[in-house]
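Residues per chain are reported as follows:
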Amino acid sequence: GVKRLQGYYHPDTLQELNACRVIRSTFHISYITFPPFPRYFYANSQPMKLLRLLLPASLVLFSLGFVPQTESWTSLELTAANTAANYTYMDSTERDIIKYCNLARLYPKKFARLEVQNYIGTVEQPEQYKNSQNKRSLILDLNASKACGALSPDSALTKMAECFQLELQASGKTGHDRKNCTEDYLAENCSFGKSTGKDIVMQLLIDEGIASLGHRKNILNEKYTKLGVAFGTHKKYRNCCVMDFR
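Because the structure is predicted, anything quoted here is derived from the model rather than measured.

A. Local environment of the state of the cysteines. Taken as a whole and judged by the stated rule, the model has 1 disulfide. Across a sulfur-sulfur distance of 2.0 Å, C163 and C181 are joined as a disulfide pair. Taking the sign of the torsion about the S-S bond as the criterion, the disulfide between C163 and C181, at about -85°, is left-handed. Taken together, the positions of C163 in helix α7 (residues 155-171) and C181 in the loop between α7 and β2 (187-192) put the pair 18 residues apart, joining distant regions of the chain. With a relative accessible area of 29%, C163 lands in the partly exposed category.

Right, dumping it as structure tokens:
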């Protein structure tokens, strides 16, 4: 209700009317009715002056509460994980492999939320992990893990990985049996059939069908500080990646 006096609105009542219009236009309300304001809410009263000061800020805070906040990696986090950024002897896929390994090591809980929670498959198999129990166990493991140091690229380990990757590429075999390549490493992961750095790391972390979860344990093992990576083609599975840890 707005009071009308002899064909015109009382100045105090106009303030009430304008306040209604502001609220109506801000929240897109088609029709709104307020009871008459008490005398202490008239335009020049102290409560009304305070209201005019607080209302704009309140509306801004109210509206911000309805804006979805999307979590993402910060530039500092990505820089900390991307330890291979300036290593020119590695290609972009190999650098991505090290980056995603390090994101999981440095920020395990956040990695579980951002990378694992909604991950259901790879480029080649889009729904491979849709109902995976191993994916669920990975989330539990990451949430229970403490952050550990980032892996640094190592040229000697990279040469060993490259040598074995070429052997696997030529033979079309899988496994860890080497013929002519040295084995001066503490642990090794081999991935087959995946074409992106993220999918390779996710395949090894989820470790579907591997009871020991050995690949996952290698990536998250805080004792390892160096990593060599080699990515290339494979006769049977199209792609092959070898990761050697020390």
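Now that the structure is up, let's keep going.
B. The arrangement of the sheet that holds strand β3 (residues 226-234) in detail. Pairing within the open sheet is mixed, and its 4 strands lie in the order β1-β3-β4-β2. Looking at which strands have only one partner, the edges of the open sheet turn out to be β1 (152-153) and β2. Where β1 meets β3, 2 bridges bridge the pair, whose relative direction is parallel. Paired with S152 across the bridge in β3 is K226. Lying over the sheet, α7 contacts β1, β2, β3 and β4 (238-245), oriented at roughly 25° with respect to β3. Contacts from helix α8 (residues 197-206) reach β2, β3 and β4, with the element oriented near 115° to β2.

C. Spatial organisation of the packing of helix α5 (residues 108-116) against α8. In the contact formed by α5 and α8, the axes pass within 13 Å of each other and the chain directions differ by 115°. Considering only the axes of α5 and α8, their crossing is left-handed. Between α5, through F111, E115 and V116, and α8, the contact on the second element is made entirely by K198, M202 and L205. Here the residues of the contact of α5 with α8 are counted per class, giving 4 nonpolar, no polar and 2 charged.

The rules behind these values
- Residues numbered from 1 in each chain as written.
- Predicted model: local features only at pLDDT ≥ 70, side-chain atom pairs only at ≥ 80, totals over all residues.
- Heavy atoms only, no water.
- Disulfide = S-S within 2.5 Å.
- Helix = DSSP H or I, 4+ residues; strand = E, 2+ residues; numbered from the N terminus.
- Buried < 20%, exposed > 50% of the residue type's maximum accessible area, 1.4 Å probe, protein only.
- Pairing = 2+ DSSP bridges.
- Contact = heavy atoms within 4.5 Å.
- Axes fitted to C-alpha atoms, helices over the stretch in contact; angles between N-to-C directions.
- Left-handed = near helix turned anticlockwise from the far one by under 90°.
- Nonpolar A, V, L, I, M, F, W, Y, C, P; charged D, E, K, R; others polar.

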